[in-house]
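# Working through the structure, step by step
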Amino acid sequence: MDYVWTLLFVAAIVAAMVNGRPEALTKAATEGAAATVQLGMTLAGALALWNGLLRVAAKGGVLDGAGRLLRPILRPLFPSLPAGHAAFTHIVANTSANLLGLGSAATPAGLKAMAELETLNPKRGTATDAMCTLLVLNTVGVGLFPATVLSLRAAMGSNDPAATVVPAVLASLCALAAGLILDRTLRRRWR
């Protein structure tokens, strides 16, 4: 990727020089940097809000309630996990955060879940079945309320920030189904 970005950077400079418009390149770079900082601050605020709400939800028992609802769905996906293992708690928290559309807030729970799954791993450093399944769940990140997308669309001035919610949920459910089918199929095939 470094080579691609370097090539694009050099190509932009050469194009600006050949066209006799280096000031346009400077202006575009400056405006782009300013817009990036502004968008970053907007997203940081939204992320802080949603992470705070997730923490309040965790303290208030909402995540525990979500865990009770998700447990019957998630349990069959992780048959190798012993009942009551800490990894399952983190998997539930990760999945709950993804369902709420808090992708960045889901990351710490996903990392903790992976660390806990590694404690059960007989071959350290090699992904277990449960780790692969968690990776599929986390990568797809089905979001019933995509808070980050809504924040981005609102920050960019969308007239209807929620217009993409239903298609996004349907697409992520299809991706989840495909990912889980591939996870199971490839697991059987490689054994």
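Just so it is clear, the structure is predicted and the values come from calculations on it, not from any experiment. Counting from 1, residues in each chain are numbered in the order their sequence is written. Whole-chain, interface and lining totals are the exception, using all residues; otherwise, since this is a predicted model, local features are given only for residues with pLDDT of at least 70 and side-chain atom pairs are given and counted only at 80 or more. Calculation of side-chain values draws on the structure's entire complement of heavy atoms; hydrogens and water are dropped beforehand.

## What to know about the layout of surface pockets
Only protein atoms enter the calculation, which uses a 1 Å grid: trapped sets of points that fit a 1.4 Å probe without letting it out are cavities, open sets showing protein on both sides within 12 Å along at least five of seven lines are pockets, and any residue with an atom within 4 Å of a point is a lining residue. Grid points are joined across faces, edges and corners, and a volume is the space filled by probe spheres set on the points. Taken as a whole, the largest pocket encloses approximately 540 Å³ of empty space. If you go around the largest pocket, you meet 20 residues; those closest to its centre are Leu54, Ala58, Leu63, Ala93 and Ala109. Elements represented by at least two residues in the lining of the largest pocket include exactly helix H2 (22-59), helix H3 (62-74), helix H4 (86-99) and helix H5 (103-119). Polar here means any residue other than Ala, Val, Leu, Ile, Met, Phe, Trp, Tyr, Cys and Pro, which are nonpolar, and Asp, Glu, Lys and Arg, which are charged; Gly is therefore polar. Each residue belonging to the lining of the largest pocket can be placed in one class, and the counts come to 10 nonpolar, five polar and five charged. Runs of H or I in DSSP of at least four residues are treated as helices and runs of E of at least two as strands, each being numbered from the N terminus.

## A look at the environment of Val136
Structurally, Val136 is set in helix H6 (residues 129-140). Classification of Val136 by relative accessible area gives buried; the value is 17%. Two residues form a contact once any of their heavy atoms are found within 4.5 Å. If sequence neighbours within four positions are ignored, Val136 has contacts with Gly179, Leu180 and Asp183. The classification of residues rests on relative accessible area computed with a 1.4 Å probe and restricted to protein chains. Under 20% of the type maximum is buried, over 50% is exposed, and intermediate values are partly exposed.

## Re the packing of aromatic side chains
Pairing of aromatic rings covers Phe, Tyr and Trp, the last counted by its six-membered ring, and requires centre-to-centre distances within 6.5 Å; plane angles under 30 degrees mean stacked, over 60 mean edge-to-face, and any other angle means tilted. Evaluation of the coordinates by the stated rule reveals zero aromatic pairs. Only when the NZ atom of a Lys or the CZ atom of an Arg is both within 6 Å of the ring centre and within 35 degrees of the ring normal do we say a charge sits over the ring. The ring of Phe88 has Arg75 lying over it, and the distance from NZ or CZ to the ring centre is 5.3 Å.

## Some thoughts on the packing of H4 against H6
A pair of packed helices is captured by two measures, namely the crossing angle of their axes and the spacing between those axes. Interaxial angles span 0 to 180 degrees and are taken between N-to-C directions of axes, which are lines fitted to C-alpha atoms, for helices over the stretch in contact. The geometry of H4 relative to H6 is characterised by a closest axis approach of 9 Å and an angle of 20° between their N-to-C directions. In terms of orientation, H4 lies roughly parallel with respect to H6. Classified by chirality, the crossing of H6 by H4 is left-handed. Mapping the contact onto sequence places Ile91, Asn94, Thr95 and Asn98 in H4 and Leu134, Leu137 and Asn138 in H6. Residue composition of the contact of H4 with H6, by class: three nonpolar, four polar and no charged. Each angle receives one of four descriptions, namely roughly parallel if under 35 degrees, roughly antiparallel if over 145, roughly perpendicular if within 65 to 115, and oblique otherwise. By the definition used in this description, the sense in which the near helix is turned from the far one sets the handedness, with an anticlockwise turn below a right angle giving left-handed and a clockwise turn giving right-handed.

## A look at the pattern of salt bridges
Side-chain pairing between opposite charges can occur once the charged atoms of the two side chains come close. When a carboxyl oxygen of Asp or Glu lies within 4 Å of a side-chain nitrogen of Lys or Arg, that pair is called a salt bridge. Counting across every chain of the model gives four salt bridges. Between Glu31 and Lys27 there is a salt bridge, with the nearest N and O atoms lying 3.9 Å from each other. Of this pair, Glu31 and Lys27 both sit in helix H2, four residues apart, which is roughly one turn of that helix. Glu31 gets classed as partly exposed once you look at its relative accessible area, which sits at 48%. Asp183 serves as the salt-bridge partner of Arg184, at 3.6 Å between the closest nitrogen and oxygen. In this structure, a network of salt bridges that share partners links the residues Asp129, Asp183, Arg184 and Arg187.

## Observations concerning the nonpolar core
For the purposes of this section, nonpolar cores are sets of buried Ala, Val, Leu, Ile, Met, Phe, Trp, Tyr and Cys residues that join through side-chain atoms within 4.5 Å. In terms of nonpolar packing, the biggest core is built from 19 residues, with Leu74, Phe78, Leu81, Ile91 and Leu117 touching the most fellow members. Looking at this core, the elements that each hand over two or more residues are H3, H4, H5, H6 and helix H8 (165-190). With residues near it in sequence (within four places) discarded, Leu74 still touches Phe88, Ile91, Val92, Thr95 and Leu137. Counting five residues, the second largest nonpolar core, distinct from the first, contains Leu54, Leu63, Ala105 and Ala106.

## Focus on H8
Between its terminal C-alpha atoms H8 stretches 37 Å, which fits the 38 Å expected from 26 residues at 1.5 Å a residue. Among all positions of H8, only Val165, Val169, Ser172, Leu176, Gly179, Leu180, Asp183 and Arg187 are buried. Looking at the packing, one finds that the buried side of H8 touches H6 and helix H7 (147-155). What a helix is expected to span follows from its residue count: subtract one and scale by 1.5 Å.

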